[in-house]
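Residue-level listing of the chains:
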Amino acid sequence: MSAYNDRKNIFPGRVVSHRGKTITDIGSSPAYLSFIEGVNSATNNRVAVIPTTLEARPDLIAYAAYGNELLWWLIVEANNAYDYEVDLAAGKTIKIPSI
């Protein structure tokens, strides 16, 4: 599980310039895209309903699911959650990827 903590080490991306700063874009990395496709097509994902105490907090959901808040990005990617207030609202059913 700790292997997934730091995405930039497992999914090397392209170094690009964004608004005058140098960043590493892992989102377009073939390895990252393949990994996310595997997560989204997996049949062994768990399902959970977000309680009020974890609403809009992918870090807390990841901690509850995996014991590690650094895996928040798995929750976000598996559920296409871009607006946390809406996509991770209390009462919403979400996927918890198996890792």
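Residues numbered from 1 in each chain as written. Predicted model: local features only at pLDDT ≥ 70, side-chain atom pairs only at ≥ 80, totals over all residues. Heavy atoms only, no water.

S.K.: Requested: an account of the overall build of the chain, with residues and values cited.
M.R.: Each helix and strand in the chain was counted, giving 5 helices and 4 strands. The order of helices and strands in the chain, counted from the N terminus, is α-β-β-α-β-α-α-α-β. Expressed as a percentage of the 99 residues in the chain, the buried residues total 31%. At a minimum sequence separation of 6, the contacts of the chain that also span at least 24 residues come to 53%. Element-wise, carbon and sulfur atoms account for 53% of the exposed surface of the chain, whose accessible area totals about 6100 Å². (Helix = DSSP H or I, 4+ residues; strand = E, 2+ residues; numbered from the N terminus. Buried < 20%, exposed > 50% of the residue type's maximum accessible area, 1.4 Å probe, protein only. Contact = heavy atoms within 4.5 Å. Areas by Shrake-Rupley, 256 points an atom, 1.4 Å probe, with all protein chains shown as cover.)

S.K.: How would you sum up the packing of aromatic side chains? Please name residues and give values.
M.R.: Applying the stated rule across the entire model yields 2 aromatic pairs. Between Phe35 and Trp73, the aromatic rings sit 5.9 Å apart at their centres with planes inclined by 45°, giving tilted as the arrangement. You can see Phe35 sitting in helix H2 (residues 30–41) and its partner Trp73 sitting in helix H4 (residues 72–78), a full 38 residues away along the chain. Taken together, the ring pairs in this structure connect Tyr32, Phe35 and Trp73 into an aromatic cluster. (Phe/Tyr/Trp six-rings, centres within 6.5 Å; stacked < 30°, edge-to-face > 60°.)

S.K.: Residues and numbers for the side chain of Asn79, please.
M.R.: For Asn79, the location among the structural elements is in the loop between H4 and helix H5 (84–87). On the basis of relative accessible area, Asn79 is assigned to the buried category, the value being 17%. There is a polar contact of 2.9 Å between the side chain of Asn79 and the backbone oxygen of Ile75. Excluding its chain neighbours within four sequence positions, the residues that come into contact with Asn79 are Ile94 and Lys95. (Polar contact = N/O pair within 3.5 Å; in protein donor to acceptor, adjacent residues only side chain to side chain.)

S.K.: Which residues make up the confidence of the model for the chain, and what values go with them?
M.R.: Predicted confidence across the chain gives a mean pLDDT of 86, with 89% of residues reaching 70 or more. Of all helices and strands in the chain, the one with the weakest mean pLDDT is helix H1 (residues 7–10) (61), whereas helix H3 (residues 58–66) scores best (97). (pLDDT = per-residue confidence, 0-100.)

S.K.: Quick one: what's the story with the environment of Thr22, residue by residue and with numbers?
M.R.: Relative to the helices and strands, Thr22 is located in strand E2 (residues 21–25). Every residue in contact with Thr22, bar those within four places of it in the chain, is listed here: Val15 and Val16.

S.K.: Quick one: what's the story with the side chain of Asn45, residue by residue and with numbers?
M.R.: With respect to the helices and strands, the residue Asn45 is situated in the loop between H2 and strand E3 (46–49). A polar contact is formed between the side chain of Asn45 and the backbone oxygen of Val39, at a distance of 3.0 Å. In this structure the side chain of Asn45 is engaged in a polar contact, spanning 3.3 Å, whose partner is the backbone nitrogen of Ser98. Beyond its immediate sequence surroundings of up to four residues, Asn45 is in contact with Val39, Lys95, Ile96, Pro97 and Ser98.

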